[in-house]
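Each chain is listed here by its residues.
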Amino acid sequence: MKKRNNELTPLAKKSFWIRLREEKYLQVMALLGIVWMLVFNYIPMYGILIAFKKNFFVTTPLFSKKFFSTPWAADGGFQHFIAFFKDEEFVNVMVNTLGISILKLIFNFTLPIIFALLLNEVKNMRFKKVIQTITYMPHFLSWVVLGGILTTWLGDGGLFNELLIKFGIIDKSVSFLAYPEYFWGITVISDLWKELGWSAIIYLAAISGIDQEMYEAAKVDGASRWKQIWTITLPSIAPTITIMFILAVGGLLNTNFDQILVLNNPLNAPRSNVLDIYVYQTAMRGMRYSYASAIGLFKSVIAFILLFITNKITTKLNDTALF
Amino acid sequence: MASSKLNRITVGDIMIGILMLVICFVSLYPVWYTVIISFNDSSDALRGGIYWWPRKFSLESYKTVFQDTTIIRAFMVTVLRTVIGTVTSVFFTAMVGYALSKKYIMGNKFYTILGTITMFFGGGLIPYFITLKNLGLYNNFLVYIIPSLFNFYNMIIFRSFFNELPAGLEESARLDGANDSMIFIRIVIPLSAPVIATIALFNGVGHWNDYFTGVLYINDAELQPIQTYLFRIIASASASKTVVAMPAGVTAQQVSSQSVRLATMVVTTFPIMCVYPFLQKYFVKGMLIGSIKG
């Protein structure tokens, strides 16, 4: 009987010190990771306290007496949270965040799945591989580069305007990134362009794992290609889709900060100011560290709740869960 | 029979084929356009009308790029951080993954729970920023390396892989007197080439493309990576471009800026473009293991 090298040995009654001596290298290796996590994950969690302090100065060390003695925020510590909800920017920021995220959920989550299903139907293997390689190329561009391309294209006299004028759709050049109303569209479409091929990889991999015999049986029964997709392919990759969906909902308040920071400017701000941008600017420009921390905490908590709820729902619906 | 099935190309097949070609074209064209404009004379490019090939071929923009010391310096920072960051991160994460793959070690469950929590909850931007500042990482090259040493998600991928390795290898090594660290370095790592390639790829691309770390933590122009430098140029350019009606004199100066910007973007992206097609199987596998098994 082959024993795997990570099973518990039957002599688990050894004392702590003996085991420590036996495992010393492994313990050091593991503890290095744990220490790293404590420093870079858990200290920031402790730093959440900043959100509950009345004022925080960026020069104050987190573990100093100075930090411990700064006064707590009013209203039982929730002063900044209340201020955020009352802030005139609050509704706008939430609308932008949810608007962009939901649009991305509707389009950028579903279209890669459809793309994967269609790509799977391509019969020529080489053509299929070439398409894959080409379509996930945009994923490797940084958002800075893509942002640069977009500002050139969508700007005054850029290619987009050239073509629109040529085809008579508009008669004067429009600097699209200068207007709030175009922002959501630009964000969603550019994100789709960038990630379509890449997101499809997971689904294509899942599809390739499906038992071919089911398709043979369906063909014998006379099922059309589309019927086969509907009754075999989709249900088989449903677990994958579900997990990706849970992750997507958990990240609903995230809106791809890297992308928005590049495309955001004072002129399109009314529609580009999302939660993360607001936190960043309030802290870095406005110096309101406690306030910004409070918003950040709010976001983390909501995201966690969303994740939890979606996970519960999918467990009930189709037995798939993230945790 | 198989051959008769393949020969019947349906209308559906043709439509799908056309759709795929359109999608491929749309994926490629923006990049292609950027490349041809960067190889075009800058004032001529402003006149528009260039779609498929440079009209007035010119290497001026690239000359400017390669002669700009700030840009060269920024490139070196990027290369340095990518190489050092990726190597250290892969090794560090693999090491922890190896330790945690041994289910019998003390505290394993506790360590795992500690790490899983970090996947679902975090402190937020400001506390993280303050933490790094307190650690002295502000305006410090190490801010690119140390905070990215460990990634719990990647660790899980390593851990799954190590669990699949046959026990016999380790046992015979132990009989020969090797301890855990020697087993890890001399036996496990050489066997892990595929996983290492995958994680190294993800890490490397992340390092290469990251711009925000530089924006947030680095003030010194000598320490900024090329993406951060590009960000600063583009952010200022887009702000000025959206202002209406610039006088003719100012436009001339913006002209060279645009082509130089594009040339810088091409040079920045070129290394990754060359490398990624060959590593397809690695990241496909990595994504599979990561999301399904993990």
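Residues numbered from 1 in each chain as written. Chains lettered and ligands numbered in written order. Predicted model: local features only at pLDDT ≥ 70, side-chain atom pairs only at ≥ 80, totals over all residues.

Undergrad: What is the right way to look at the overall build of chain B in this model?
TA: For chain B, the count of helices and strands is 15 helices and 0 strands. Expressed as a percentage of its 294 residues, the buried residues of chain B come to 37%. Put simply, 76% of the contacts in chain B that link residues at least 6 apart link residues at least 24 apart. (Helix = DSSP H or I, 4+ residues; strand = E, 2+ residues; numbered from the N terminus. Buried ≥ 20, exposed ≤ 12 C-beta atoms within 10 Å, placed from the backbone. Contact = placed C-beta atoms within 7 Å.)

Undergrad: Could you clarify how one ought to interpret the overall build of chain A in this entry?
TA: Across its full length, chain A carries 15 helices and 0 strands. The C-alpha atoms of chain A give 26 Å as radius of gyration, which overshoots the globular expectation for 323 residues (20 Å, by more than 25%). Taking all 323 residues of chain A together, 36% fall into the buried category. Long-range contacts, defined as pairs at least 24 residues apart, comprise 67% of the intrachain contacts of chain A with a sequence gap of at least 6. (Rg over C-alpha atoms; globule rule 2.2 N^0.38 Å.)

Undergrad: In this structure, what is going on with the interface of chain A and chain B? I would like to understand it.
TA: The parts lose accessible area when they come together, and the size of an interface is often stated as this lost area. The interface is formed by 82 residues belonging to chain A together with 79 residues belonging to chain B. Per element, the largest residue contribution to the side of chain A that touches chain B is 15 residues, and it comes from helix α2 (residues 24–46) of chain A. Counted by class, the side of chain A that touches chain B contains 47 nonpolar, 23 polar and 12 charged residues. (Nonpolar A, V, L, I, M, F, W, Y, C, P; charged D, E, K, R; others polar.)

Undergrad: Sorry if this is basic, but what is going on with the packing of helix α9 (residues 180–208) of chain A against helix α11 (residues 225–250) of chain A here?
TA: Think of two packed helices as two axes; the pair is described by the angle between the axes and how far apart they sit. Residues and elements named next belong to chain A. Relative to each other, α9 and α11 sit at 140 degrees, their axes nearing to 9 Å. Viewed along their axes, α9 and α11 adopt a mutual orientation that is oblique. As α9 packs across α11, the resulting crossing turns out to be right-handed. In contact with I202, Y203, A206 and I207 of α9, α11 contributes T233, I237, T240 and M244. Residues belonging to the contact of α9 with α11 are distributed by class as follows: 6 nonpolar, 2 polar and no charged. (Axes fitted to C-alpha atoms, helices over the stretch in contact; angles between N-to-C directions. Parallel < 35°, antiparallel > 145°, perpendicular 65-115°, else oblique. Left-handed = near helix turned anticlockwise from the far one by under 90°.)

Undergrad: I'm lost on helix α14 (residues 275–284) of chain A in this one. Help?
TA: For the α-helix, the turn length of 3.6 residues means that residues three or four positions removed from each other point alike. Most of α14(A) sits inside the fold, with 7 of its 10 residues counted as buried. By the burial criterion, the buried members of α14(A) are L275(A), D276(A), Y278(A), V279(A), Y280(A), T282(A) and A283(A). Looking at the buried positions of α14(A), the neighbouring elements they touch are α5 (88–120), α12 (257–263) and α15 (289–318) of chain A together with α7 (125–134) of chain B.

Undergrad: Just checking my understanding: could you explain the environment of T135(A) for this structure?
TA: On the secondary structure map, T135(A) appears in helix α6 (residues 125–135). Taking the C-alpha atoms as reference, T135(A) lies 23 Å from S101(A); in sequence the two are 34 residues apart. Beyond its immediate stretch of four places on either side in the chain, T135(A) contacts L196(A), G197(A), I23(B), C24(B) and S27(B).

Undergrad: Can you walk me through the confidence of the model for chain A in this structure?
TA: Interpreting fine coordinate detail is not advised for predicted regions of low pLDDT. Put simply, chain A has an average pLDDT of 87, and 96% of its residues get 70 or more. Across chain A, α5(A) holds the top mean pLDDT of 93, while helix α3 (residues 65–69) of chain A sits lowest at 82. (pLDDT = per-residue confidence, 0-100.)

Undergrad: Help me understand α11(A), please; the structure alone is not making it clear to me.
TA: Approximately 50 degrees is the largest bend angle found in α11(A), and it occurs at A238(A), with the proline P239(A) only one to four residues beyond. Buried within α11(A) we find T233(A), I237(A), T240(A), T242(A), M244(A), I246(A), V249(A) and G250(A). (Bend = angle between axes of the 7 residues up to and from the residue.)

Undergrad: Could you clarify how one ought to interpret the packing of α6(A) against helix α2 (residues 11–38) of chain B in this entry?
TA: Orientation of α6(A) relative to α2(B), taken along the N-to-C sense of each, is 30 degrees, at an axis distance of 9 Å. In this view, α6(A) runs roughly parallel relative to α2(B), as classed from their interaxial angle. Crossing hand, α6(A) versus α2(B): left-handed. Two secondary-structure elements touch here, α6(A) through I131(A), I134(A) and T135(A) and α2(B) through M20(B), I23(B), C24(B), S27(B) and L28(B). Across the contact of α6(A) with α2(B), the residue classes break down as 6 nonpolar, 2 polar and no charged.

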